[in-house]
Amino acid sequence: MLLQQAALNDIEKLAEYNQCLIQDEASGNTASLLELQNRMKGFLENGYKAYLILEEVTGIELGYILADFSSEPVFIRHFFIRREYRRKGLGQAAFLQFLDKEQILGAKLQILKWNQPALAFFAQMGFEKAGLRETPEDGKHLWFSLNPWVAFIPEFILVRELSLRNRIIDTFEEAKRISGWSFQGLRELPFTVNIPGIKITLREHMRNVAYTVDKNYDIFRHCYGIQHPEYTWDYTKLIAGALLHDVGKIIEYSADENGRPYINERGKLMHHSISGAMLAEKHGISEDIVHIIAVHVQDGMQKFRSPEAAIVNKIDLFHFDPFKSFIGMKQNY
């Protein structure tokens, strides 16, 4: 999956896609193709960016995204995947890439009230209905805003069960409230204070562990799923545990008067694997996922680990131990 920024010479192509989008959502827009081309030109000359969504290997065009970057939050005006490529996870992949490519901190969009496929898709992408007073005057659209935690960790989208996703987000929200960290502070917080000079942030670490777990789920299934179907991971538990494994670090770290993070008194009394597990349990996260948080660290190596906990433990170390090696630190084994 690739996003290629469109230029003015792509306007005809974008207008054709826009016409398909209008037909799909039954908006009632009767503009001609030439009128859509002129409108698209106006967008691109006035603060908008358009991206063509391309299949990475073949370069086949899958659709496009049009968004207004002239103010915050970003306004996503168009998001279109061609009909023959829908229901294959490509829209989700394109949206994740879009958030990353533009480092989106917040986003909003409008959806026609009757457009059930769009309503369902963007709910899965982390958009929530905004206040009714923001409904446009035409009475046909509803405003939606991207949950700030999904902007912070887009991999929350990988949790398809929305009730579980909401409980995970509630766990993070309470950790943020307890700690007093702002989103900006959390974006800059290093993932460990035990590796001098580390530049990897906690946000990067949590995202990359979840990303690697997601990819390894497919690899493991490819290697063993056909011949040994009895050896399978529960994807929902796996990705939830990966996302939550370091939530306790948010309350384990504080900043000194110079803004440098350190392990606070709470962190000295209780390791983040335990405080994170307690927070998650408080918010109704099931025991098998809490188990992953509690035993994800090397200190838990003598304890039983479920298959999902074992892989989160190993991938967490995969994203930790090499950084010690880069500066010549000894490993713990």
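You'll find the structure just up there.
Criteria and cut-off values
- Residues numbered from 1 in each chain as written.
- Predicted model: local features only at pLDDT ≥ 70, side-chain atom pairs only at ≥ 80, totals over all residues.
- Heavy atoms only, no water.
- Phe/Tyr/Trp six-rings, centres within 6.5 Å; stacked < 30°, edge-to-face > 60°.
- Helix = DSSP H or I, 4+ residues; strand = E, 2+ residues; numbered from the N terminus.
- Lys NZ or Arg CZ within 6 Å of the ring centre and 35° of its normal.
- Axes fitted to C-alpha atoms, helices over the stretch in contact; angles between N-to-C directions.
- Parallel < 35°, antiparallel > 145°, perpendicular 65-115°, else oblique.
- Left-handed = near helix turned anticlockwise from the far one by under 90°.
- Contact = heavy atoms within 4.5 Å.
- Expected span 1.5 Å × (residues − 1).
- Buried < 20%, exposed > 50% of the residue type's maximum accessible area, 1.4 Å probe, protein only.
- Arc of directions from axis to C-beta.
- Pairing = 2+ DSSP bridges.

Student: Would you take a moment to explain the packing of aromatic side chains for this structure?
Tutor: Two aromatic rings are characterised by how far apart their centres lie and by the angle between their planes. Counted by the stated rule, this structure contains 24 aromatic pairs. Seen in terms of ring centroids, Phe79 and Phe121 are 5.5 Å apart; in terms of plane orientation they differ by 35°. Their pairing is tilted. Of the two residues, Phe79 is situated in strand E4 (residues 74-81) and Phe121 in helix H4 (residues 116-124); the sequence distance between them amounts to 42 residues. On the basis of an interplanar angle of 90° and a centroid distance of 5.6 Å, the ring pair of Phe122 and Phe127 is categorised as edge-to-face. In this structure an aromatic cluster arises from ring pairing among Phe79, Phe95, Phe121, Phe122 and Phe127. A cation over an aromatic ring shows up here: Lys49 above the ring of Phe69, its NZ or CZ 5.1 Å from the ring centre. Positioned above the aromatic ring of Phe152, the side-chain terminus of Arg203 is 5.5 Å from the ring centre.

Student: Looking at this model, I keep getting lost on the packing of helix H8 (residues 202-224) against helix H14 (residues 307-318). Mind explaining?
Tutor: Working note: a packed helix pair is described by the angle between its axes plus the distance between those axes. One can describe the packing of H8 onto H14 by two numbers: an axis separation of 10 Å at closest approach and a directional angle of 125°. Between H8 and H14, the crossing angle belongs to the class labelled oblique. The two elements H8 and H14 meet at a crossing, and its hand is right-handed. Seen from H8, the contacting residues are His205, Val209, Thr212, Val213 and Asn216; seen from H14, they are Val312, Ile315 and Asp316.

Student: Would you mind showing me how to read helix H2 (residues 33-44) here?
Tutor: One full turn of an α-helix is made of 3.6 residues, so residues set three or four places apart face in the same direction. Counted at 1.5 Å a residue, the expected span for H2 with its 12 residues is 16 Å, and the 17 Å between its end C-alpha atoms agrees. If you check which residues of H2 are buried, you get Leu36, Gln37, Met40, Phe43 and Leu44. All buried residues of H2 fall inside an arc of 120° around its axis, so they share one side. Within H2, the exposed residues directed more than 90 degrees away from the buried face are Leu34 and Asn38. Buried residues along H2 sit against helix H1 (11-25), strand E2 (48-54), strand E3 (61-68) and E4.

Student: Is there a simple way to think about helix H13 (residues 287-294) in this case?
Tutor: All of the buried residues along H13 are Ile289, Val290, His291, Ile292 and Ile293. In this structure, the buried side of H13 is in contact with helix H6 (162-179), helix H9 (235-244), helix H12 (272-282) and H14.

Student: I'm lost on unusual backbone geometry in this one. Help?
Tutor: Most peptide bonds take the trans form, and the phi angle of most residues other than glycine is negative. Omega for the bond connecting Glu72 with Pro73 falls within 30 degrees of zero, at -5°, which places this linkage in the cis form. With respect to the helices and strands, Pro73 occurs in the loop between E3 and E4. At Arg87, a residue that is not glycine, the phi angle is positive and equals roughly 60°. Within the secondary structure, Arg87 sits in the loop between E4 and helix H3 (90-101). Backbone geometry places Gln103, a non-glycine residue, at a positive phi of 50°. The topology assignment puts Gln103 in the loop between H3 and strand E5 (107-112). Here Gln103 falls in the partly exposed class, since its relative accessible area comes to 48%.

Student: What exactly am I supposed to notice about the pairing of strand E7 (residues 141-146) here?
Tutor: Regular strands place side chains that alternate from one sheet face to the opposite one. The buried fraction of E7 is high, at five of six residues. Sheet analysis places E5 next to E7, joined by five bridges and oriented antiparallel. When the bridges of E7 are listed, Gln110 appears paired with Trp143. Both strand E6 (residues 127-129) and E7 contribute to a ladder of three bridges, which runs antiparallel. Bridge pairing links Glu128 to Ser145 in E7.

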